[in-house]
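Geometric and topological summary
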Amino acid sequence: MQLRTRMCVSLDGYVTTPDGWPVQVADPDWSPEAFGFVDFQKTLDAVLMGRTTFEPALGAERWPWPDLDVFVLGSRRPTGTPDHVVVDGDPERLLERVRAANSGGDVHLVGGPQTIETYRRLGALDKLGLIVVPLLVGEGLRLTPAISTDTALKLEEERPLPTGAVELTYTAEA
Ligand SMILES: NC(=O)c1ccc[n+]([C@@H]2O[C@H](COP(=O)([O-])OP(=O)(O)OC[C@H]3O[C@@H](n4cnc5c(N)ncnc54)[C@H](OP(=O)(O)O)[C@@H]3O)[C@@H](O)[C@H]2O)c1
């Protein structure tokens, strides 16, 4: 398995809107299909994310990860979390649980920046994937300072999406 992000970021460098939503929801062309998440999920066994990123899924109209194992890094189990979701506050133990359940597909490290940095520091992040969305949002949460600025990145692939966003995939080398 490979642990990979596919994090959306605005042209001015923000991963959230000013009010804390993932920045892609501000794009009028946003949909999981148009941004390639539906096809991407077919390559996955599981998703892994921080508790802050996970919680809004509990109120979503549609469960975002049908057919995938879901792992959440967090010190408490949010109210209403479905039984099949694994919640653990120890990053290394949670990664062991992800690996134990894996049957060869990749694992989407959904975010946010704190959780990406946690797994990068453990040497477990294989690919840092970014989707640059053609939006300027002015303020919000950035990848840094949560993600260390000495992260070494090597461009592996670039791909325009039909919405005008550009997908960039980097190998995380350190
Ligand atoms: N643009 C995108 O594609 C995208 C994708 C995903 C998320 N986002 C955005 O990212 C924002 C959240 O990012 P975030 O970095 O603030 O939070 P996050 O990584 O989603 O979650 C943070 C939580 O995860 C747990 N955690 C993280 N690192 C840990 C560690 N080393 N040890 C133990 N627990 C740890 C803690 O949970 P406890 O507090 O329970 O202990 C912590 O409060 C949201 O606003 C979301 O909209 C954007």
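Here's what I pulled together on the structure shown here.

Definitions and limits used
- Residues numbered from 1 in each chain as written.
- Predicted model: local features only at pLDDT ≥ 70, side-chain atom pairs only at ≥ 80, totals over all residues.
- Heavy atoms only, no water.
- Pairing = 2+ DSSP bridges.
- Helix = DSSP H or I, 4+ residues; strand = E, 2+ residues; numbered from the N terminus.
- Buried < 20%, exposed > 50% of the residue type's maximum accessible area, 1.4 Å probe, protein only.
- Near = heavy atom within 4 Å.
- Polar contact = N/O pair within 3.5 Å; in protein donor to acceptor, adjacent residues only side chain to side chain.
- Areas by Shrake-Rupley, 256 points an atom, 1.4 Å probe, with all protein chains shown as cover.
- Phe/Tyr/Trp six-rings, centres within 6.5 Å; stacked < 30°, edge-to-face > 60°.
- Lys NZ or Arg CZ within 6 Å of the ring centre and 35° of its normal.
- Core = buried A, V, L, I, M, F, W, Y, C linked by side-chain atoms within 4.5 Å.
- Contact = heavy atoms within 4.5 Å.
- Arc of directions from axis to C-beta.

Turning next to the pairing of strand S9 (residues 166-172). Of the pairings in the sheet, the one linking strand S7 (residues 127-133) to S9 comprises six bridges and is antiparallel in character. Following the sheet pairing, Val132 is matched in S9 by Val166. Linking strand S8 (residues 153-160) back to S9 in an antiparallel pair, the connection comprises five residues, with Gly164 at a positive phi of about 100 degrees.

Attention now moves to the pairing of strand S4 (residues 69-73). The element S4 is extensively covered by neighbouring structure, given that four of its five residues are classed as buried. One ladder, built from five bridges, connects strand S3 (residues 44-50) with S4; its direction is parallel. Its bridge partner being in S4, Val47 is matched across the sheet by Val70. Pairing geometry for S4 and strand S5 (residues 86-88), over three bridges, is parallel. Following the sheet pairing, Leu73 is matched in S5 by Asp88.

With that settled, the discussion passes to the site of the ligand. Neighbouring the ligand are 27 residues, the closest being Cys8, Thr53, Ser75, Gln114 and Thr115. For the ligand, an oxygen atom lies 2.9 Å from a polar atom in the backbone of Gly20. Side-chain polar atom of Thr118 to a nitrogen atom of the ligand: 3.0 Å apart, as the coordinates give it. Burial of the ligand by the protein amounts to 81% of the accessible area it has alone, namely 930 Å².

This part takes up the packing of aromatic side chains. Evaluation of the coordinates by the stated rule reveals five aromatic pairs. Taking 5.0 Å as the distance between ring centres and 75 degrees as the angle between the ring planes, the aromatic pair formed by Trp30 and Phe35 counts as edge-to-face. We classify Trp30 as partly exposed; its relative accessible area is 27%. Grouped by ring-pair contacts, the aromatic residues Trp30, Phe35 and Phe37 constitute a single cluster. The side chain of Arg6 reaches across the aromatic face of Phe40, ending 5.3 Å from its centre.

This brings us to the nonpolar core. With 24 residues, the main nonpolar core has Val47, Met49, Trp65, Val70 and Ile131 as its most contacted residues. Looking at this core, the elements that each hand over two or more residues are helix H1 (37-41), S3, S4 and S7. The contact partners of Met49, leaving out residues within four places of it in the chain, are Phe54, Trp65, Val70, Phe71, Val72, Leu73, Val110, Gly111 and Thr115. Leu3, Ala46, Leu109 and Ile116 belong to the second largest nonpolar core, which has 23 residues in total.

Let's shift gears to helix H3 (residues 91-101). Turning to H3, its buried residues number three or more, namely Leu94, Leu95 and Val98. Mapping the buried residues of H3 onto a view down its axis gives an arc of 100 degrees, with all of them on the same face. In H3, the exposed residues that point more than 90 degrees away from the buried face are Glu92, Glu96 and Ala100. Elements in contact with the buried residues of H3: S3, S4, S5, strand S6 (106-111) and helix H4 (113-121). The N-capping residue of H3, defined by a side-chain oxygen 2.9 Å from the backbone nitrogen of Glu92, is Asp90.

This part is about the side chain of Glu117. You can see Glu117 is positioned in helix H4. Residue classification places Glu117 among the buried residues on the basis of a relative accessible area of 6%. From its side chain, Glu117 meets the backbone nitrogen of Ser148 in a polar contact 3.1 Å long. Once residues lying within four places of it in the same chain are set aside, the contact partners of Glu117 are Ala146, Ile147 and Ser148.

The next point concerns the environment of Asp90. Looking at the element boundaries, Asp90 is found in the loop between S5 and H3. Of the residues examined, Asp90 reaches a relative accessible area of 31% and is grouped as partly exposed. Residues Asp90 and Lys154 lie 64 residues apart in sequence; the distance between their C-alpha atoms is 29 Å. Engagement of the side chain of Asp90 in a polar contact is seen with the backbone nitrogen of Arg93, the distance being 2.9 Å.

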